[in-house]
Amino acid sequence: MNTNPVRITETVLRDGHQSLAATRMSFSDMEPMLDQLDNVGYFSIEAWGGATFDSCLRFLNEDPWDRLRKLRVRLKKTPIQMLLRGQNLLGYSPYADDVVSEFIKRSVYNGVSIIRIFDALNDLRNLETSIKVAKSEGAHVQGAFVYTVSPFHTDAVFVETAQRLAQMGCNSICIKDMAGLLDPYSAEILVTDLKDAVNIPIQLHTHYTSGLASMTYLKAIEAGVDIIDCALSPFSGGSSQPATESIVAALKDQPRDTNIDEEKLYPIAKHFRNVKKELLEKFNLPGTPDFDVEVLKYQIPGGMLTNFMNQLKEMGIADKYQNLLEEMPRVRADVGYPPLVTPTSQIIGTQAALNVALGRYKQVPREFSDLALGKYGKTPAAVSEEFLNQIAPNEKPITCRPADLIVPQLDNIKFFLAEAGYPQARIDDVLSYAIFPDVALKYFETNR
C-alpha cells in the first residue's frame, strides 16, 4: 500500500493554457509568478513541449528556446517537464533519428529535466531513439502510453506496454488519458495492476472533458498512483486538468496528503485568473468549455469538436454534425483503432469529415493512407488488405520502424536554411526550422 505523499505536476504553464486558451500565454504572463511556483513543492512544472513551441513562433513572436532558457533561470528548485511526441518530436510526422537526437540534446541542454515521451499509436519502436538519447543526456525519462478504449486496448495490453517501457530504461510511467476517458473504477484497477507489474513511479494525466477527472484521481490515489497532473484553478476544468488547489484541499490531513501549503497557491492563482481574462479578451477565445460526457461514446477530445463544427460549416454541411460524430468511430475501426491524439485525431477527423461530405472514402488524403500503410507506426489492430486496396491501391504497407526509412535530414535542413538566407544559423534555429519551416522563417524575418 502506497502511503507516500501524492506528488503533483503543475500544468498551468503548458497544458492548462493549451487546453483553455489556445496556448497563447506568453513568457511575460508567466514571469511574475515563477519564483512563487518554484517554491510550492511540485514534483515538476510542465512548461514546454506540446503546442507551446509552435505557438511561440506562430502567434507570440517568441523564441521557444529562449523561453526555455529564461524559465530555467527562474525555476531553480523544480524540474521543468516537457511533452514530446516520440519520433514526431513536436510536429505531426516522423523525423530522422539525427533530428530527433539533436532536438532532445538541445532540450536538455537548455533546461528540460523531465521528458514525457509518447507515441500516438503506442508503437514503442517510435520511442526508441528519444528514450535512448534522453537517458544519455541525463534527463528523467517518463515513458507514456496513450489511454483509450477499444476491443484492442485492455488493461493487460497497457500493463505489458508499461513493462516494456520500464525495460527500455524509463524512470517513470505515465497513463496519458488525453480525452478524459478513464473512469474512476477503471483507474483503480489499472493503477493497481501497474503498481504490481513495475517498480517505478506511476503518473496519471487526464482531462476534465467528461467531468470524471477528480473522481478518477481520487480512486487512482487510493490505488497507489504516485504523481498526478493538475492545473491551478483559473486554467483547470473543462478540457484541462483538475484544479491544483482542490486536490490539495481534498487530501489535506489524509494519509496521502500532498504536503503542499495551499496558502502558497492562492496568490499565484489570482495572478493567472487575470492572465486568463486578458488572454480570452485579446485573442477572442471562448474560455472553459462545458463538460461533454459524449466524449465517452465518441472518444473525440473537446477541442476537436469545435474544430469539426467549423470545418463542416466551411463545407456548407453544418447540419451533418451528428453524422460526423457517428462516422468517427467507423473510420477509427477501419484504420486499426488508433487512439485519438495528435496527429491521429486530426487525420481520422479530416477523413471522417470528407466521408460525410463526399461519400465514404471518395477522397483520401495522403496522411490517412500513410496511417493505414504503417508509415506512422503499427496500428493497434491490423488494417484489412481489402481496405488498403480500396484507399491505397498498388501500395504495400510497411512493417519496419517508420524512421528506418528516413535518411538523415539535419545536413539538408542546414543547407535549405542557408539557401533561405541564414547560413550561420544557430543549431536551435535549425531545429525550429526543421519542425516548422514556414513558421520559423517568418519569425526569423523579423527577429534574426
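None of these values were measured; they are calculated from a predicted model.

A.B. asks: Where do I start with the overall build of the chain in this structure?
C.D. replies: Looking only at helices and strands, the chain has 21 helices and eight strands in total. Taking 2.2 N^0.38 as the reference for a compact globule, 448 residues should give roughly 22 Å; the C-alpha atoms of the chain span a radius of gyration of 21 Å, in line with that estimate. For the chain, the spread of C-alpha atoms along the three principal axes comes to 65 × 55 × 45 Å. Buried residues in the chain amount to 58% of all 448 residues.

A.B. asks: Just checking my understanding: could you explain the pattern of salt bridges for this structure?
C.D. replies: Once their charged atoms are close, side chains differing in charge can pair, the charge on each being opposite to the other. Applying the stated criterion to the full structure yields 28 salt bridges. The salt bridge partner of R360 is D334, with a shortest N-O separation of 3.0 Å. Taken together, the residues span a long stretch of sequence, with R360 in the loop between α16 (344-358) and α17 (366-372) and D334 in helix α15 (residues 321-334) at a distance of 26 residues. With a relative accessible area of 24%, D334 lands in the partly exposed category. Here D404 and R401 are joined by a salt bridge, their closest N and O atoms 2.9 Å apart. Residues joined by salt bridges that share partners form a network here, namely D63, R426, D429 and R448.

A.B. asks: So what exactly am I meant to see when it comes to the environment of P267 here?
C.D. replies: Structurally, P267 can be placed in helix α12 (residues 265-282). According to the relative accessible area criterion, P267 is partly exposed, its value standing at 38%. Between the C-alpha atoms of P267 and M33, which are 234 residues apart in sequence, the distance is 8.8 Å. Not counting residues within four places of it along the chain, the set of residues in contact with P267 comprises M33 and Q36.

A.B. asks: Help me understand the nonpolar core, please; the structure alone is not making it clear to me.
C.D. replies: What tends to happen in soluble globular proteins is that the nonpolar side chains get buried as a cluster. Core analysis: the biggest nonpolar cluster contains 99 residues, and L13, L37, F103, I115, I175, I228 and F272 have the highest contact counts within it. Looking at this core element by element, the count peaks at six residues for α12. The residues touching I175, leaving out its near neighbours within four places in the chain, are F145, Y147, L182, L190, V191, L194, I202, Q203, L204 and H205. Listed in part, the 28 residues of the second largest apolar core include V331, I348, Y376 and V383.

A.B. asks: Explain empty space enclosed by the protein here, please?
C.D. replies: Empty space left among the atoms is revealed by rolling a probe the size of a water molecule over them. What the rule picks out here adds up to one cavity of 30 Å³ or more. Quantified by volume, the largest cavity comes out at close to 40 Å³. Of the residues assigned to the lining of the largest cavity, the class counts are four nonpolar, two polar and one charged.

A.B. asks: Would you mind showing me how to read the layout of surface pockets here?
C.D. replies: Here the second largest pocket is characterised by a volume of approximately 350 Å³. Lining the second largest pocket are 15 residues, and of these L121, N122, V157, R164 and P380 sit closest to its centre. Taken together, the residues of the lining of the second largest pocket sort by class into six nonpolar, four polar and five charged.

A.B. asks: When you look at the sheet that holds strand β3 (residues 80-84) in this model, what are you seeing that I'm missing?
C.D. replies: Remark on secondary structure: sheet strands pair via backbone hydrogen bonds, oriented parallel or antiparallel. Spatially, eight strands are ordered β1-β2-β3-β4-β5-β6-β7-β8 in a closed barrel, and the strand pairing comes out parallel. Strand-to-strand twist of the sheet, defined as the mean angle between neighbouring strand axes without regard to direction, takes the value 30°. Pairing of β3 with strand β4 (residues 114-117) involves four bridges; the strand directions are parallel. Bridged to L84 within β4 is I117. The strands touched by helix α1 (residues 12-20) within the sheet are β1 (7-10), β2 (44-49), β3 and β7 (202-205), with β2 carrying the most contacts at an inclination of about 60°. Across the sheet, helix α9 (residues 184-197) lies against β5 (140-146), β6 (172-176) and β7, angled at about 160° from β6, the strand it touches most.

A.B. asks: Help me out: how do you make sense of the packing of aromatic side chains in this one?
C.D. replies: Here a ring pair, both rings aromatic, is described through the centre-centre distance and the interplanar angle of the planes. A complete count under the given rule lists 17 aromatic pairs for this structure. With a centroid separation of 5.7 Å and 90° between ring planes, the pair formed by F53 and W65 is classed as edge-to-face. With F53 in helix α4 (residues 52-58) and W65 in helix α5 (residues 64-74), this pair connects stretches of sequence that are 12 residues apart. On the accessibility criterion, F53 (0% relative accessible area) is buried. Here W65 falls in the buried class, since its relative accessible area comes to 0%. Measuring from centroid to centroid gives 5.8 Å for F415 and F416, while their planes differ by 65°, and the two rings are edge-to-face. According to the relative accessible area criterion, F416 is partly exposed, its value standing at 46%.

A.B. asks: Help me understand the packing of α9 against helix α10 (residues 213-223), please; the structure alone is not making it clear to me.
C.D. replies: Each pair of packed helices can be described by the angle between their axes along with the distance between the axes. Remark: α9 packs on α10, axes separated minimally by 8 Å, with the N-to-C direction vectors making an angle of 30°. For the element pair α9 / α10, the angle class is roughly parallel. Considering how the two elements wind past one another, α9 and α10 form a crossing that is right-handed. Facing α9, whose interface residues are P184, Y185, A187, E188, V191, T192 and K195, α10 presents M215, T216, K219, A220 and A223. Residues that form the contact of α9 with α10 fall into these classes: seven nonpolar, two polar and three charged.

A.B. asks: Is there a simple way to think about the side chain of S44 in this case?
C.D. replies: Summarising the element assignment, S44 is placed in strand β2. Owing to a relative accessible area of 0%, S44 belongs among the buried residues under this scheme. Looking at S44, its side chain comes within polar contact range of the side chain of T9, at 2.8 Å. The residues contacting S44, other than those within four sequence positions of it, are I8, T9, E10, T78, P79, Q81 and I114.

A.B. asks: Hey, could you run me through α5 in this one?
C.D. replies: Because the α-helix completes a turn every 3.6 residues, residues three or four places apart line up on one side. Turning to α5, its buried residues are P64, W65, R67, L68 and L71. Seen end-on, α5 carries its buried residues on one side only, within an arc spanning 155°. One side-chain oxygen at the N-terminal end of α5 lies 2.8 Å from the backbone nitrogen of W65; it belongs to D63.

Rules used throughout
- Residues numbered from 1 in each chain as written.
- Predicted model: local features only at pLDDT ≥ 70, side-chain atom pairs only at ≥ 80, totals over all residues.
- Heavy atoms only, no water.
- Helix = DSSP H or I, 4+ residues; strand = E, 2+ residues; numbered from the N terminus.
- Rg over C-alpha atoms; globule rule 2.2 N^0.38 Å.
- Buried < 20%, exposed > 50% of the residue type's maximum accessible area, 1.4 Å probe, protein only.
- Salt bridge = Lys/Arg side-chain N within 4 Å of Asp/Glu carboxyl O.
- Contact = heavy atoms within 4.5 Å.
- Core = buried A, V, L, I, M, F, W, Y, C linked by side-chain atoms within 4.5 Å.
- 1 Å grid on protein atoms, 1.4 Å probe; cavity = no way out; pocket = protein on both sides within 12 Å on 5 of 7 lines; lining within 4 Å.
- Points joined across faces, edges and corners; volume = space filled by probe spheres on them.
- Nonpolar A, V, L, I, M, F, W, Y, C, P; charged D, E, K, R; others polar.
- Pairing = 2+ DSSP bridges.
- Axes fitted to C-alpha atoms, helices over the stretch in contact; angles between N-to-C directions.
- Phe/Tyr/Trp six-rings, centres within 6.5 Å; stacked < 30°, edge-to-face > 60°.
- Parallel < 35°, antiparallel > 145°, perpendicular 65-115°, else oblique.
- Left-handed = near helix turned anticlockwise from the far one by under 90°.
- Polar contact = N/O pair within 3.5 Å; in protein donor to acceptor, adjacent residues only side chain to side chain.
- Arc of directions from axis to C-beta.

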